[in-house]
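Next come the chains, spelled out residue by residue.
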Amino acid sequence: MKLPNQTNDQTAPSTAQFIADGLTPIFRDVFDDDELVISEVTTARDVEGWDSLAHIRIMVSIEKVFGVRFTAAEISKLKDVGTLAELVLNKRAHA
Amino acid sequence: MTNNIYECLSWLPEAATDFSRSVSAATTGAELQELAKFALDQNQLGKLANRLSYLRTNGFSLAPLVSVNIGLVSDSTTGLIASALIGTALRFGISLTIEQTEYNQVAQTAFSTENIFAGKTLSAILLAIDYRGLPLTPTPGNRVAADQNIQDCFSYVRSVIHSLRTNTGAQIILQNIAPPVETPFGSYEGRLPGTLSWLIAHLNSELDCLISDDTFILDVAGLAANVGLSNWHDPTLWNIAKLPFAQRYAPIYADYACRILAAKLGKSRRCLIMDLDNTLWGGVIGDDGVDGILIGNGDPTAEAHLHLQRTALELRDRGIVLAVSSKNEDATARIPFAEHADMLLREHHIAVFQANWSDKASNIRAIAETLSLGLESMVFLDDNPAERMQVRKELPGVAVPELPEDPALFARTLIAAGYFEAIAFSQEDQMRASFYQDNVKRIQVLNQSSDMVSYLESLEMEMTCTPFDVNGRPRIVQLISKSNQFNLTTKRYNEVDVKNFEEDSNYFTRQIRLKDALGDNGMISVIICRKNAAIWEIDTWLMSCRVLGRRVEEAALMDIVSNAKKSGATKLVGTYCPTARNALVKRHYSKLGFTNTFCDHKFETWELDLAQYQPPELPISLKYAI
């Protein structure tokens, strides 16, 4: 898997842009669905197969691709894809 | 990146960017197998598993994959491991299905006959236990309590295995225990009886003693140590979902497990073919000369190549046949083996030496033919990416590891790839490399000798026929599970089955060994006959291709006939079941004078009237061990 550009010298992408460019490929990979579309308001209920194990696979894949690490509390309290994207962007900004 | 060899499966090439699309487009088992031969992460393995399941459900052909059904019993969450196992098994030519228990159901599954395995045929059960699921009770400083606790844990594991065996008949793949990272006593932890690390180390040694006919060890402790325990254990994932290790190691965990499944099917590789320039030594012999190449102690590059030679010799000592394929003049290529004082490898270690200017794929094909080994038994080691690509493309059955630029990591990468997974070590294994050597000598002798009869006479062959016994059992099982070509019925029996034949007086069993003037071939043939009063049925007849064309089968028949007659039988019935691999013996019974009595595309039966049998003159003397 190709690592996205990790340099910090550019301005951080917007949440929507990060969902489209950064998270969508990971979600498509995890759910083995190349047409999956996600947005800030997408929740686990909206995606077929997004159970607790799929959730872990998403988080583990994000950790690997973006070189971040989540606490158990962060993993369990996520509301939707928007809060997930903000959490990752926030972690990368402080990395 | 040296620590990432395992995590990244660095010996496998990187997947193409259109991997996902290729998986979605695959419609055969063969295509999926090829796609599995890349360094895949867990999501990619999951895709393969999904596609396999789709093909299976929709009636696509899964040939040439072998179907294997296993049970998975664990005291932690295995939901994420299962798809990794299924995707990885494709790499080994296995179409895997898994019967999986719920989380933490080890004892419930083992000790109840009404479990999910009831009525299922399982070829193995993977028992994935974790230190957190065992009744381990640390008592630092209390040796008596510590010893007792180990015995308690050991009895628990042993009774789980025993019940699973009794209830399902499956063999057990037991994973040993990766110790925790946290050691409260620091360096003193391991010395102090009763600490958790001490208990786990001692329990693991006890588990090693379980290795027997029905239990294999999956060395998770060794794998976790290799990748680093603090990487392996992920407390966050354990707390959230009871995942037993960091999931980025699921691909290598699955590869480790599938190596054992493949080894059980006789799919471990048996021959290592090595390039010379910049692989076995640094530099180019044709350009640098024998004094210019880098091999030996005193120079870091020379030591790196020496380490690879040492590893090759270690493999040879455990029965792996060594061969050379190099683009060189033959005489030039041989000089370092004969003249360089620091070479560890010498010409007599190399069974087949192919140095010429033909392409490597053709040379590898020639080596396989000379050794009577299949291409699926071959590993090809070459520093040159172009050569690797050519061989991979021409001969997909051959394993061709990617190598890092630094030769210091060649040996590590080769071994990490696990091509030569062993599930037993027999006396024959110890001597096999030299058997093949003798065989190559023989091929050369044959080339010189125009007269086949006098050649066979000159071999002074001595054949020993013995009933099955404890000492021969590992090799008998090995031959039964590995022989594909000279195998009339291709029935696979495990160690337990073989023991049953050994003890059942209704069966006549033979392990046959062959010695000759050039060396000892070891056990080369196995025969099982069912004794009915007047008719003996040949259930299994197989032979190692090393001794083809030596009239061994005629001598074996002589032995069977004389025993059958002694016990009052009048007729011998043989069966031939054609497979993709055994066309070699299509005419076996006809050549031996049997008459065909039934024939369709799956099954042929042949009969021999013992009263009519005329023993031939053979260049082999028969001996009977008591």
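Residues numbered from 1 in each chain as written. Chains lettered and ligands numbered in written order. Predicted model: local features only at pLDDT ≥ 70, side-chain atom pairs only at ≥ 80, totals over all residues.

1. A look at the overall build of chain B
- Looking only at helices and strands, chain B has 23 helices and 17 strands in total.
- Against the globule reference of 25 Å for 626 residues, chain B gives a C-alpha radius of gyration of 26 Å, in line with a compact fold.
- For chain B, the share of sequence-separated contacts (at least 6 apart) that also reach a separation of at least 24 residues comes to 73%. (Helix = DSSP H or I, 4+ residues; strand = E, 2+ residues; numbered from the N terminus. Rg over C-alpha atoms; globule rule 2.2 N^0.38 Å. Contact = placed C-beta atoms within 7 Å.)

2. Section: the overall build of chain A
- Along chain A, the regular secondary structure elements total four helices and zero strands.
- The linear arrangement of helices and strands in chain A, starting from the amino end, is α-α-α-α.

3. Comments concerning the domain arrangement of chain B
- What the domain assignment lists for chain B is domain 1 (65–264), domain 2 (271–416) and domain 3 (450–624).
- Using C-alpha coordinates to define each centre, domain 1 of chain B is positioned 37 Å away from domain 2 of chain B. (Domains from an automatic or database assignment.)

4. Details of the packing of helix α15 (residues 360–371) of chain B against helix α16 (residues 385–394) of chain B
All names here are of chain B.
- At their nearest, the axes of α15 and α16 sit 9 Å apart, and the two run at 60° to each other. Between α15 and α16, the interaxial angle falls into the category oblique. The handedness of the crossing between α15 and α16 comes out as right-handed. Contact with α15, carried on its side by Lys-360, Ala-361 and Ile-364, involves Glu-387, Gln-390, Val-391 and Glu-394 of α16 and no other residues of that element.
- Of the residues in the contact of α15 with α16, the class split is three nonpolar, one polar and three charged. (Axes fitted to C-alpha atoms, helices over the stretch in contact; angles between N-to-C directions. Parallel < 35°, antiparallel > 145°, perpendicular 65-115°, else oblique. Left-handed = near helix turned anticlockwise from the far one by under 90°. Nonpolar A, V, L, I, M, F, W, Y, C, P; charged D, E, K, R; others polar.)

5. Observations concerning the sheet that holds strand β9 (residues 378–381) of chain B
Residues and elements named next belong to chain B.
- If you walk across this open sheet you meet the four strands as β8-β7-β6-β9, and the pairing is parallel. Looking at strand neighbours, the two that pair on one side only are β8 (352–356) and β9, the edges of this open sheet. Taking the axes of each pair of neighbouring strands and ignoring which way they run, one obtains an average angle of 15° across the sheet.
- The pairing of strand β6 (residues 271–274) with strand β7 (residues 321–327) spans four bridges and is classified as parallel. Looking at the pairing, Met-274 lines up with Val-324 of β7. (Pairing = 2+ DSSP bridges.)

6. Quick notes on the interface of chain A and chain B
- Each side of the interface is counted separately: chain A has 16 residues, and chain B has 16 residues.
- Listed by contribution, the elements that provide at least two residues to the side of chain A that touches chain B are α1 (15–31), α2 (52–66) and α3 (72–77) of chain A.
- The element that contributes the greatest number of residues to the side of chain A that touches chain B is α2 of chain A, accounting for seven residues.

7. Side note on the packing of helix α4 (residues 79–91) of chain B against helix α11 (residues 250–264) of chain B
Residues and elements named next belong to chain B.
- One way to put it is that α4 packs onto α11 with a least axis distance of 8 Å and a crossing angle of 55°. With respect to α11, the element α4 is oriented oblique. The crossing of α4 and α11 is right-handed. On the side of α4, the interface is formed by Leu-80, Ile-81, Ala-84, Leu-85, Thr-88, Ala-89 and Arg-91, while α11 contributes Ala-250, Pro-251, Tyr-253, Ala-254, Asp-255, Ala-257, Cys-258 and Leu-261.

8. Overview of the pairing of strand β3 (residues 124–128) of chain B
Residues and elements named next belong to chain B.
- Here β3 lies mainly inside the structure; five of its five residues are buried.
- What you see with β3 is no split at all: Ala-124, Leu-126 and Ala-128 on one side and Ile-125 and Leu-127 on the other are buried throughout.
- When strand β1 (residues 66–74) meets β3, the two strands line up parallel, connected through five bridges. When the sheet's bridge partners are listed, Leu-72 is paired in β3 with Leu-126.
- Here four bridges tie β3 to strand β4 (residues 171–175), and the two strands are oriented parallel to one another. Within the sheet, the bridge partner assigned to Leu-127 lies in β4 and is Leu-174. (Buried ≥ 20, exposed ≤ 12 C-beta atoms within 10 Å, placed from the backbone.)

9. Focus on the confidence of the model for chain B
- For chain B, the average pLDDT comes to 91, and 96% of its residues sit at 70 or higher.
- Scored by ipTM, the complex comes to 0.82, with pTM at 0.76. (pLDDT = per-residue confidence, 0-100.)

10. Regarding the sheet that holds strand β17 (residues 620–624) of chain B
Residues and elements named next belong to chain B.
- Here eight strands make up an open sheet; going across it, the order is β15-β16-β14-β13-β12-β11-β10-β17 and the pairing mixed. Each of the sheet's edge strands pairs with one partner strand only, and the pair in question is β15 (595–599) and β17. Averaged over all pairs of adjacent strands, the angle between their axes in this sheet comes to 25°, without regard to strand direction.
- Note: strand β10 (residues 461–466) against β17, five bridges, orientation parallel. Counted as the bridge partner of Met-463 is Leu-622 from β17.
- Sheet contacts for helix α20 (residues 473–482): β11 (507–516), β12 (519–531) and β13 (535–543); angle to β12, the most-contacted strand, approximately 75°.

11. Overview of unusual backbone geometry
- Note that the residue after Ala-63 of chain B, namely Pro-64 of chain B, is joined by a cis bond; omega there is 5°.
- Phi is positive for Asp-32 of chain A, which is not a glycine, with a value near 50°.
- Summarising the element assignment, Asp-32 of chain A is placed in the loop between α1 and α2.
- Judged by the 20 C-beta atoms lying within 10 Å of it, Asp-32 of chain A falls in the buried class.
- Despite not being glycine, Asn-278 of chain B has its phi angle at roughly 65°, a positive value.
- Counting through the fold element by element, Asn-278 of chain B comes out in the loop between β6 and α12 (285–288).
- Asn-278 of chain B gets classed as partly exposed once you count the C-beta atoms within 10 Å, which come to 19.

12. Overview of the environment of Thr-43 of chain A
All names here are of chain A.
- Of note, Thr-43 is situated in the loop between α1 and α2.
- Overall, the presence of 14 C-beta atoms within 10 Å leaves Thr-43 in the partly exposed class.
- Expressed as a C-alpha distance, the spacing of Thr-43 and Ile-58, which sit 15 residues apart in the sequence, is 13 Å.

13. Considerations on helix α7 (residues 196–208) of chain B
All names here are of chain B.
- Its 13 residues place the ends of α7 18 Å apart at the C-alpha level, agreeing with the 18 Å of an ideal helix rising 1.5 Å per residue.
- Turning to α7, its buried residues are Ser-197, Trp-198, Leu-199, Ile-200, Leu-203 and Leu-207.
- The inward-facing, buried residues of α7 contact α6 (143–168), β4 and β5 (215–218). (Expected span 1.5 Å × (residues − 1).)

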